[in-house]
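Listed below are the residues making up each chain.
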Amino acid sequence: MNKFVDNIINNPTEKKYRKIRLENPIFKEKVYSCKYADMVLKKSGFVAKTVKLDDDKEDDVFLFEGDDLEKLENLKSALAIGEAIVPELDRDVKVLKIQESSRMNDFSLSDDFFNLKIEELRKEQALRNEAVEKAGMLRTKAMRERDEQMELRRYNYSIIRIKFPDDFIFQAIFKSKEKFDVLYELVQNSISFDNIPFELIGHSLKKPNGNSNLMGLTLAELGLAPSALLYFKISDLIDPSIKSKIHFYLKSELLEQAQNF
């Protein structure tokens, strides 16, 4: 916004600088998308208008009218002392209790389930052809790293579920760029006991030396986006007699909010 304001202040007689197109990509993304942007602009001397362009097409703009540049100076001052509002992710923590009736002990699928349709076969074949073609290409390290980064940016968020031995599931939402440390710490703060080491295990986390070598890696890098199911396990180094004394793993205030699953 400072750029638009400076153009008007430094060139007060230039009509082209007094006009800001609503469809201007920079203005639309960085200014007009903000809450109350419309009100602030109007209070600063801008008027919303529809004007005709040279080709007789109409365009929606904000037009600065008059010569009261003090309003623009005030706007600049307000922008200079303003602080960015950083949104905080709502973890939306849930605790689910697995019901006996929901277990899939006697679960079966009809033969039709495994019969693929023509469209599904074509899509699968196209994916395989693409994979074979990419594998056969001579790709530089930079190309491989670019593909890896594109895959990591594919998802913004991840829903993680942690299953505990007492059939409770702890669920929370994370940014896919957040470190594994954040997930581990949240679980650590949610269990009912202290000073007992534990691990979160799962398909993507089958690595030696427990979870210690996962710290510092993002959830996306560990294959935990857009969702994952992990299992809570107390360290094998803990005496079995201590493990036997644990009846509930999550804190009581979380268990009180448990929903049937």
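Here we summarise the structure given alongside this text. The model shown is predicted, which means the values in this text are computed figures rather than measured ones.

Things to note about the overall build of the protein chain
Helix and strand content of the protein chain: nine helices and nine strands. By the burial criterion, 27% of the 261 residues in the protein chain qualify as buried. Taking the contacts inside the protein chain whose residues are at least 6 apart along the sequence as the reference set, 64% of them involve residues at least 24 apart. Split by element, the accessible area of the protein chain, about 18900 Å² in all, is 51% carbon and sulfur.

Notes on the pattern of salt bridges
Pairs can form between side chains of opposite charge whenever their charged atoms are close. The full count for this structure, using the stated rule, is eleven salt bridges. Between Arg128 and Glu124 there is a salt bridge, with its nearest N and O atoms 3.2 Å apart. Here Arg128 pairs with Glu124, and both are found in helix 5 (residues 118-136), just four residues apart, close to one helical turn. By relative accessible area, Arg128 is classed as exposed at 52%. Residue Lys163 is joined to Asp167 by a salt bridge in which the shortest nitrogen-to-oxygen separation is 3.3 Å. The exposure class assigned to Asp167 is buried, which follows from its relative accessible area of 17%.

Digging into the environment of Leu183
Within the secondary structure, Leu183 is located in helix 7 (residues 180-190). Sequence-distant contacts of Leu183, that is, excluding residues within four places in its chain, are made with Ile160, Ile162, Phe174, Leu200, Leu219 and Leu230.

Concerning the side chain of Asp166
On the secondary structure map, Asp166 appears in the loop between strand 5 (157-163) and strand 6 (168-175). It turns out Asp166 is buried and unbridged, and the closest side chain with the opposite charge, Lys97, is 6.4 Å from it. In this structure Asp166 touches Lys97, His247, Phe248 and Tyr249, once residues within four positions along its chain are discounted.

Some thoughts on the sheet that holds strand 4 (residues 94-97)
The six strands are arranged 7-8-5-6-4-9 in an open sheet whose pairing can be described as mixed. Taken across any chain shown, the strands that pair with only one partner, and hence form the sheet edges, are strand 7 (198-201) and strand 9 (259-260). Where strand 5 and strand 8 (residues 227-234) come together, five bridges link them in parallel fashion. Looking at the pairing, Ile159 lines up with Ser227 of strand 8.

Observations regarding the packing of helix 1 (residues 2-10) against helix 4 (residues 70-81)
Packing of helix 1 against helix 4 leaves a shortest axis separation of 10 Å and a crossing angle of 150°. By the criterion of interaxial angle, the relationship of helix 1 to helix 4 is roughly antiparallel. The interaxial crossing formed by helix 1 with helix 4 has left-handed handedness. Judged by residue contacts, Asn2, Val5, Asp6, Ile8 and Ile9 of helix 1 engage Leu72, Glu73, Leu75, Lys76 and Leu79 from helix 4. The class makeup of the residues in the contact of helix 1 with helix 4 is six nonpolar, one polar and three charged.

Some points on the nonpolar core
Judged by nonpolar contacts, the single largest core of 31 residues is most densely connected at Ile162, Phe164, Leu183, Val187, Leu200 and Phe232. Listing elements by their share of this core, those giving two or more residues are strand 5, strand 6, helix 7, strand 7, strand 8 and helix 9 (252-255). For Ile162, the residues in contact, after removing those within four places along its chain, are Phe168, Ile169, Phe170, Leu183, Val187, Leu200, Leu230 and Phe232. Grouped together as the second largest cluster of nonpolar side chains are 14 residues, Leu41, Phe64, Leu72 and Leu75 included.

Quick look at helix 7
Those residues of helix 7 that fall on the buried side of the exposure criterion are Phe180, Leu183, Tyr184, Val187 and Ser190. Looking straight down helix 7, one finds that the buried residues subtend no more than 130° of arc, so they occupy a single side. Of the surrounding secondary structure, the elements contacted by the buried residues of helix 7 are strand 5, strand 6, strand 7, strand 8 and helix 9.

Cut-offs used in this document
Residues numbered from 1 in each chain as written. Predicted model: local features only at pLDDT ≥ 70, side-chain atom pairs only at ≥ 80, totals over all residues. Heavy atoms only, no water. Helix = DSSP H or I, 4+ residues; strand = E, 2+ residues; numbered from the N terminus. Buried < 20%, exposed > 50% of the residue type's maximum accessible area, 1.4 Å probe, protein only. Contact = heavy atoms within 4.5 Å. Areas by Shrake-Rupley, 256 points an atom, 1.4 Å probe, with all protein chains shown as cover. Salt bridge = Lys/Arg side-chain N within 4 Å of Asp/Glu carboxyl O. Lys, Arg positive; Asp, Glu negative; His and termini not counted. Pairing = 2+ DSSP bridges. Axes fitted to C-alpha atoms, helices over the stretch in contact; angles between N-to-C directions. Parallel < 35°, antiparallel > 145°, perpendicular 65-115°, else oblique. Left-handed = near helix turned anticlockwise from the far one by under 90°. Nonpolar A, V, L, I, M, F, W, Y, C, P; charged D, E, K, R; others polar. Core = buried A, V, L, I, M, F, W, Y, C linked by side-chain atoms within 4.5 Å. Arc of directions from axis to C-beta.

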